[in-house]
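Spelled out, the chains give:
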Amino acid sequence: MLSTQSPPIQTRTLDNGLTVVVQPMPWLRTAAYTLWLPAGITTELVGLSDSQLADAEFLARRDGLASLTCEMVQRGAGAYNSRQLVAAEDNLGIDSGNSASTSIAGYSARMPADSLRPAIELLADVVRRPHLPGKQLDDAKMILRQELAAFQDEPTQRLMRRLRERQYGPQLGRGGYASEASLESLNMEDVRQFYTDHYHAGGSVLAVAGNFETESLFESIENAFGDWKSGDRPALPSPAPIDGNEHIPLPSSQTHIGFSFDSIPYGSDEYFIMRAGIGILSDGMSSRLFDRVREQRGLCYSVWASTHTIGQTGAVFGYAGTTPARAQETLDVSLHEIQHLADDLAEEELSRWKVRIESGLIMEQESAGSRASSLASDQYQLGRIIPTEELESKIQAITLDQVASYFRDHGPRKFRIVTVGPEALQGGEAIA
């Protein structure tokens, strides 16, 4: 059990719909924030007609729009031009970053505790008063072009992107990289329209953790964001999974294997029971996949599985990297371990996983950035925060029989498989 009681978490929703979650961590010398806006990759599809959504060429011309907008809002904001904004953050010791994922555009930063208030003001400048300078559009596109080139050169990323598209469908599984078509067609009007439509307080979450005085922080946030415009949080596309397997030919001395199957999302009643089973399979070097597939048989150099949630949809994704000669056996043994997880579960495996989770919870109490990210994730996905003590209690209450029963009743019945390499593999069919 954790040795200290976590400080209370406070949540307030401003009149414009921005939810603010704060947790003081007075033993730290730092602070951090995470801001999630409903301006993610799937938002690129909001407002399109059915014919546009069915037009692959039209959709390709919007690839990367959420990421391009993230890149552009950093290029000068409020009273600062692009260089002055970077210098202002550096002078305050702020380490910031942003990115667009499936459902959100995320802005986060960590800093010395004394820099938190000016950091909040700079954040408000960036997301509320960006200059969006048209003369820097080509520079921003160059960043996306370099990311696209890196993506195309990395078979593992290509594999996992295609697997997500097959698991969730083309819309919900949409990737965030630009395409050659979008790099040619996207313009400042697209960026400004996307920013105007989707950067607002409505449905957004700002989480702050670290060393601060709570009431004065709420006052600073109210001053910085209280008069921001509101808006709607768009619904996510419905899942439309693509069954079957796919092979992407690539002359290579390696074969990359990706597999996925339907699961339950974060927030489901049995989520942590399912998560315990996946943890026994893949968390750490004592996990079954690492030990039985990599160490005992020497079949591959990398193998793992992890849970994933988008809105109310959950899945498990896995990967193995190996040589073509060992690829089929690697896939067969990996899927066998997953399918037969419940056959021989041992109490020590569950205990080891609980210790690993406990260790993560303790380390989170030493990191304002990790805590702010967890607070934002809980609030955005669940509409509430799971306190550390509640989470710890849920984990400790899980029994081996619950894990075994869950995987007997809800284990994978069908896999979706994507491979990249010289030859296709067999596998992934429905289990009799």
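Residues numbered from 1 in each chain as written. Predicted model: local features only at pLDDT ≥ 70, side-chain atom pairs only at ≥ 80, totals over all residues. Heavy atoms only, no water.

Caption draft 1: Focus on the pairing of strand β8 (residues 255–263). With respect to burial, β8 is a largely interior element, eight of its nine residues being buried. Relative to strand β10 (residues 313–322), β8 runs antiparallel, the two being bridged by nine bridges. Residue pairing in the sheet places serine 260 in a bridge with phenylalanine 317 of β10. Here five bridges tie β8 to strand β11 (residues 416–421), and the two strands are oriented antiparallel to one another. Paired with serine 260 across the strands is arginine 416, a residue of β11. (Buried < 20%, exposed > 50% of the residue type's maximum accessible area, 1.4 Å probe, protein only. Helix = DSSP H or I, 4+ residues; strand = E, 2+ residues; numbered from the N terminus. Pairing = 2+ DSSP bridges.)

Caption draft 2: Spatial organisation of helix α16 (residues 388–397). Along α16, the residues that are buried comprise Thr388, Leu391, Glu392 and Ile395. Considered in projection along α16, the buried side chains sweep an arc of 100 degrees and stay on one side of the axis. On the buried face of α16, the contacting elements are α11 (271–282), α14 (347–364) and α15 (368–382). (Arc of directions from axis to C-beta. Contact = heavy atoms within 4.5 Å.)

Caption draft 3: A look at the environment of proline 118. Relative to the elements of secondary structure, proline 118 occurs in helix α5 (residues 116–128). With 37 residues separating them along the chain, proline 118 and proline 155 place their C-alpha atoms 42 Å apart.

Caption draft 4: Spotlight on the nonpolar core. One finds Tyr33, Tyr107, Val127, Tyr199, Leu206, Val208 and Phe225 to be the most contacted residues of the largest nonpolar core, which totals 57 residues. In terms of residue count, α5 provides more of this core than any other element does, eight residues in total. If we ignore the near neighbours within four places in the chain, the residues touching phenylalanine 225 are Leu14, Asn16, Leu18, Ile120, Leu123, Ala124, Val127, Arg128 and Leu206. Counting 43 residues, the second-largest nonpolar core is a separate cluster that includes Tyr271, Cys300, Leu341 and Ala404. (Core = buried A, V, L, I, M, F, W, Y, C linked by side-chain atoms within 4.5 Å.)

Caption draft 5: Representation of the sheet that holds strand β1 (residues 10–13). The strand order β1-β2-β6-β3-β5-β4 describes an open sheet built from six strands, whose pairing is mixed. If you trace the sheet from one side to the other, it starts and ends with β1 and β4 (95–100), each paired once. Pairwise comparison of adjacent strand axes, ignoring direction, gives a mean angle of 10 degrees for this sheet. Pairing analysis gives six bridges linking strand β2 (residues 19–24) to strand β6 (residues 205–210), with the strands arranged parallel. When the sheet's bridge partners are listed, valine 22 is paired in β6 with valine 208. α15 contacts β1, β2, β3 (30–37) and β6 of the sheet and is inclined by roughly 30 degrees relative to β3. (Axes fitted to C-alpha atoms, helices over the stretch in contact; angles between N-to-C directions.)

Caption draft 6: Focus on the packing of aromatic side chains. Applying the stated criterion to the full structure yields 13 aromatic pairs. When the ring of tyrosine 107 is compared with that of tyrosine 199, the centres are 6.3 Å apart and the planes differ by 75 degrees; the resulting orientation is edge-to-face. One end of the pair, tyrosine 107, is in strand β5 (residues 105–112); the other, tyrosine 199, is in the loop between α9 (188–198) and β6, and 92 residues separate them in sequence. Measuring from centroid to centroid gives 5.2 Å for tyrosine 271 and phenylalanine 272, while their planes differ by 85 degrees, and the two rings are edge-to-face. Side by side, tyrosine 271 and phenylalanine 272 carry an identical accessibility label, which is buried. These aromatic residues form a ring-pair network of at least three members: Tyr107, Tyr195 and Tyr199. Sitting above the plane of the phenylalanine 218 ring, arginine 12 keeps its charged end 3.8 Å from the centroid. In this structure, arginine 233 is placed above the aromatic ring of tyrosine 380, and the distance from its NZ or CZ to the ring centre is 3.6 Å. (Phe/Tyr/Trp six-rings, centres within 6.5 Å; stacked < 30°, edge-to-face > 60°. Lys NZ or Arg CZ within 6 Å of the ring centre and 35° of its normal.)

Interpretation note: all reported values are geometric properties and have no functional meaning in isolation.
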